[in-house]
Every structure is written in structure tokens, then in C-alpha cells.
Amino acid sequence: MAEKQTETAKDKKGTKPSKNAWLKYTKAEKKAVYDFAEGYRKFISDCKTERECTEEILRMAKAEGYIDLKEAVAEGKKLSAGDKVFVNCMGKAVALFLLGTKPLEDGMKILGAHIDSPRIDLKQVPLYEDTEMALFDTHYYGGIKKYQWVTLPLALHGVVVKKDGTVVKVVIGEAADDPVVGITDLLIHLSSKQMEKNASKVIEGEDLNILVGSIPLKDGEKEAVKENILALLKETYDITEDDFVSAEIEAVPAGAARDFGIDRSMVMGYGQDDRVCAYSSMKAMFELKEIDRTAVCLLVDKEEVGSVGATGMHSRFFENAVAEIMELCGGYSGLKLRRALANSQMLSSDVSAAYDPNYPAVSEKKNTAYFGKGLVFNKYTGSRGKSGSNDANAEYMARLRAAMEKHKVTFQTSELGKVDEGGGGTIAYIMANYGMEVIDSGVAVLNMHAPWEITGKSDLYEALRGYVAFLKEL
């Protein structure tokens, strides 16, 4: 979820009554909550880029019996109810389909989340030397508070594609014996002028330069430290400076996600917006063996920068995939495709801002999300007068309420902060353009868009249960 910065105002309204999900669990159910969270914790520890997420999701999907749509098309394979198909979009987005007993034109049940997260990208010509220090020049991605990214241990993840097409995977800073890199900050003793700046200007975008080395290459030329770094990259990855032009390297917080809280009730980790919803959506799909209307788990890229590009939700890769599947199911037509999309229901599985007792003034307590209160439904997002939002219809919300209550899912409703305090958006409005029913539904997050975000384990588990209920009942 892309959030805008807000200004605070005094909160004068009452609290929002709701039962905490932890209170309903049996001992066995509580173990299931912790077990599910452990799998999730490992997933976000191992998968810190959209490419890594896609690779791992496809590995798990294949283990569940999903086949590649591209191969099915090439072989002229006929698809029918119960078949499982995946679509890999450039290694950065993925869609999973479980075909239902009803024809596609009756609509689909879609869980849609995004697997990109705010981060710092290396520029295409990144490496330079200054005063015998080697640094990477960067361009941040998504909405971040830039001052949060300094003095942290960072890891480098990504790919370098050489001119001959060879793809070299790069991960530096995650193994126990790996070095880390990072962005320095001015010491407090010399920062009197810096401390007077507005928070958005304390650290400027062009100052997010990553320090990567300080040893000069013996007998090196003019920039001997830079030469030494290039020599190490050549030795380890067989890449040259020119190869950065066709590389995608992301700087992310180094280290694994951790249990958070003395009671281990929460998870702290990088990229939980929106991988917390992506993981639970995917796992909900894997719980289904058969279904009436086709179920879809749609996990996309580029949400944090406006859902643009070939791997973002504004592209037509999903629409094209549905058309291909329709053809393999017995016959494509443009009209049937339009009906399939318009007759669908979707949960835009994206995170919501959790109530923070340290910053109560930005929330209206009756209409905000709380840890422990389960799956969050945001009828609308947007900003100011609901600008840029998808405003779900009441009839759809009523059917979702019935489904959640039937399956005893703990859920809550929320807005993204007080009116006029800020706002944000998801992919919901894009899919709603097809005429389908869409609502935002996800997990509450503290520290959203910070390097280390926090979620509640019970909320993660209730999201899984809520997504399963949606797929079974809608």
C-alpha cells in the first residue's frame, strides 16, 4: 500500500469495541497460528525482492500441481475443472488459477496482492569513488521516509544480465559470514543545521549513497578503491562495470524477520506490505482442491509506484492470461472474456494501517484497524473526499460479512486514518474498472513502509481463514 504522509489532529472520539482473536483459540489453534506464522517468517526472510518472491511462489505452486500456462498453450492442452495453471509474468508477477466447474464467463473469485515493496535501487551507472571510498549511487523506489534508511545494515539482492543473456543472481549481506553495506549519516555533534530541516529533507534522495568499500587495489590506477570493488565482483560473480547497465540490484534491510514481542505474538520483518497478504492469499489457494467458480491468486509488481509497466496491474497480462485459459477450456470470445471479468469478485488483499498508541491523533478509533482484531476490510481508501478510491458496494460487503461469520473468521473494518489526514491506494480501483466487485481486505501493519514492519500473527492467520472463506462462499 502506498501511503501519504499525514499531519496530526487531536482525537476526541471513542474507542472501537471488538473481540481479540487470541481469546478464541484453543491450544491446538494457537499452535496452528504460530506454525503458520513461522512459515511466513521464513518466506519474507528468504524473499526480499519481487523476483525472489515469484521464484519461490512458483516453486511452491509446482509442488501443489500447478502447470505453466505457456507450456499448456504450446502443447494445445485442453483444460477442465480441477486443473491448476500458473502464469509467470517476466519473473516479477504471477497468477495462479484453480479452474472451477462453472464456465469462466460466470466470473472468478480473485485474491489480488502485490509482491513489490519500498526499497532503494542501484542506478544504472552506480559505482563511483570519492576520497578513497567506493559507493553505489541509488534511486529510491516507492514511498519511504528517507531518514529511516541510514545507519542500517543493508543487503544487495538482484540480477545482472550479461550481453550473452546469462543471468547472474546477486545476494550480498544475508549469510552469517557475509559483509553488509549501508548509508552513513552525519554525527550528532556536527548536525545542528541538519536537525533544523523538515523531516522530508533531513536526508535528500541524492544522498542515499551506499558505502561499499575502502581498500585500494594495489598498483591500481586513478580510482583504486573502485577498481578493487570491480575486481571482487569479477572474481565472485564474473561481472564487469558495464554489466550494471543491464542489472536490477535492490538494497534492502539485511537479516531475517524476527518474532516480535516478549509473547512472540508479532512478526518484525522487511517487505510485509504487501507480502503478508500475498503469502496468505497463496496459501489459501493451496487449501482448495475443487471449486465452483474459478479461483485466482494474482500477485503483481509495481503497486508501490502506481501499478505501471508490463508487470504492474495496469498491464493486460492478467486479461491476456484469462483469454488464453478460456481458449483452452473450449473457446475464447471477446464477449465471454468481458463477462468473465465483469462477473468476478475480488479481494484486493493489501495491508491497512494499524492503530498505534504512540500516534493516536491520526486515527479515528471507531474506524481504524487494531492488532488482534483479525482480517481488515477497507470499504474505500483514497484521500480527502475518497479521491482515487474504489468504494465497494454495500451488497458485496453484506455477502462478505455472511461468509466471514459462517466460517467464524475474526474481522474488522477500517479507514486509512482520519479524514483529510492523508491516504493511500491499492490495485482495487484498477480491477474495478472491469465492472467486477472489489474491496480492499488485508492485514494491519505498524511501521508501514519502514525498513522493518510489524504484523500480528493472529491477524495473519485470520487473513488466511478469511481468504479461504471468500473462495468457498462467494
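Our structure's up above, just so we're on the same page.
Residues numbered from 1 in each chain as written. Predicted model: local features only at pLDDT ≥ 70, side-chain atom pairs only at ≥ 80, totals over all residues. Heavy atoms only, no water.

Caption draft 1: Representation of a nonpolar patch on the surface in the model. Residues L186, L187 and L190 make up a contiguous nonpolar surface patch of roughly 280 Å² in combined accessible area. Mapped onto the elements, L190 comes out in the loop between strand 9 (167-172) and helix 4 (199-202). (Patch = residues over 30% accessible without salt bridge, like charges linked within 9 Å, V, L, I, M, F, W, Y side chains within 5 Å. Areas by Shrake-Rupley, 256 points an atom, 1.4 Å probe, with all protein chains shown as cover. Salt bridge = Lys/Arg side-chain N within 4 Å of Asp/Glu carboxyl O. Helix = DSSP H or I, 4+ residues; strand = E, 2+ residues; numbered from the N terminus.)

Caption draft 2: Quick peek at the nonpolar core. Of all hydrophobic cores here, the largest spans 64 residues; its most connected members are L96, L347, F470 and L471. Excluding anything up to four places from it in sequence, L96 contacts A61, Y66, V85, F86, M282, M285, F286, A295, V296 and C297. In this structure, C89, M108, I325 and L337 belong to the second largest nonpolar core, which totals 35 residues. (Core = buried A, V, L, I, M, F, W, Y, C linked by side-chain atoms within 4.5 Å. Buried < 20%, exposed > 50% of the residue type's maximum accessible area, 1.4 Å probe, protein only. Contact = heavy atoms within 4.5 Å.)

Caption draft 3: Broad picture of the packing of aromatic side chains. Under the definition given, this model contains 13 aromatic pairs. Ring geometry for Y355 against Y370: centres 5.2 Å apart, planes inclined by 40°, an arrangement best described as tilted. Taken as a pair, Y355 in the loop between strand 16 (352-353) and strand 17 (375-378) and Y370 in the loop between strand 16 and strand 17 lie far apart in primary sequence, 15 residues in all. Assigned by exposure class, Y355 and Y370 land together as buried. Ring pairs connect the aromatic residues W22, Y25, Y34, F36, Y40, F43, Y279 and Y461, which therefore count as one cluster. When the ring centre of Y141 is taken as origin, the NZ or CZ atom of R119, which lies over that ring, is 3.7 Å away. In this structure, K386 is placed above the aromatic ring of Y380, and the distance from its NZ or CZ to the ring centre is 3.9 Å. (Phe/Tyr/Trp six-rings, centres within 6.5 Å; stacked < 30°, edge-to-face > 60°. Lys NZ or Arg CZ within 6 Å of the ring centre and 35° of its normal.)

Caption draft 4: Looking closely at the sheet that holds strand 6 (residues 119-130). Sheet architecture is open: six strands sit in the order 9-8-11-6-7-10, paired in antiparallel fashion. Across the chains shown, the open sheet's two edge strands, defined by having one partner strand only, are strand 9 and strand 10 (210-213). This sheet shows a mean twist of 30° between the axes of neighbouring strands, independent of strand direction. Both strand 8 (residues 154-161) and strand 11 (residues 247-253) contribute to a ladder of seven bridges, which runs antiparallel. Residue V160 lies in a different strand from strand 11, and its bridge partner there is A247. Running at roughly 125° to strand 6, helix 5 (residues 224-237) makes contact with strand 6, strand 7 (133-141), strand 9 and strand 10 of the sheet. (Pairing = 2+ DSSP bridges. Axes fitted to C-alpha atoms, helices over the stretch in contact; angles between N-to-C directions.)

Caption draft 5: Up close: the packing of helix 1 (residues 27-46) against helix 6 (residues 272-286). Orientation of helix 1 relative to helix 6, taken along the N-to-C sense of each, is 125°, at an axis distance of 11 Å. By the angle between their directions, the pair helix 1 and helix 6 is classed as oblique. The crossing of helix 1 and helix 6 is right-handed. Listed contacts from helix 6 to F36, G39, Y40, F43 and I44 of helix 1 are Q272, R275, V276, Y279, S280 and K283. (Parallel < 35°, antiparallel > 145°, perpendicular 65-115°, else oblique. Left-handed = near helix turned anticlockwise from the far one by under 90°.)

Caption draft 6: Quick look at helix 11 (residues 457-473). When the terminal C-alpha atoms of helix 11 are compared, their 24 Å separation across 17 residues agrees well with the 24 Å that a helix rising 1.5 Å per residue should span. Extensive coverage of helix 11 is indicated by the burial of 14 of its 17 residues. (Expected span 1.5 Å × (residues − 1).)

Caption draft 7: The layout of surface pockets, seen in detail. Considering only enclosed or pocket space, the second largest pocket measures out at about 400 Å³ in volume. Considering the residues around the second largest pocket, the lining is formed by 19 residues, among which I172, P179, V212, I229 and L233 are closest to the centre. Of all elements in the fold, only strand 8, strand 9, strand 10 and helix 5 reach the threshold of two or more residues within the lining of the second largest pocket. (1 Å grid on protein atoms, 1.4 Å probe; cavity = no way out; pocket = protein on both sides within 12 Å on 5 of 7 lines; lining within 4 Å. Points joined across faces, edges and corners; volume = space filled by probe spheres on them.)

Caption draft 8: Representation of the pattern of salt bridges within the structure. By the definition in use, this model includes 31 salt bridges. Of the charged contacts in the structure, one is a salt bridge between K31 and D35, with a shortest N-O distance of 2.7 Å. Residue K31 and its partner D35 are both found in helix 1; the two are separated by four residues, about one turn of the helix. R465 is paired through a salt bridge with E462; the nearest N and O atoms lie 3.1 Å apart. Of this pair, R465 and E462 both sit in helix 11, three residues apart, which is roughly one turn of that helix. According to the relative accessible area criterion, R465 is partly exposed, its value standing at 24%. On the accessibility criterion, E462 (0% relative accessible area) is buried. Overlapping salt bridges bring together E50, R119, D121 and E250 as one network.

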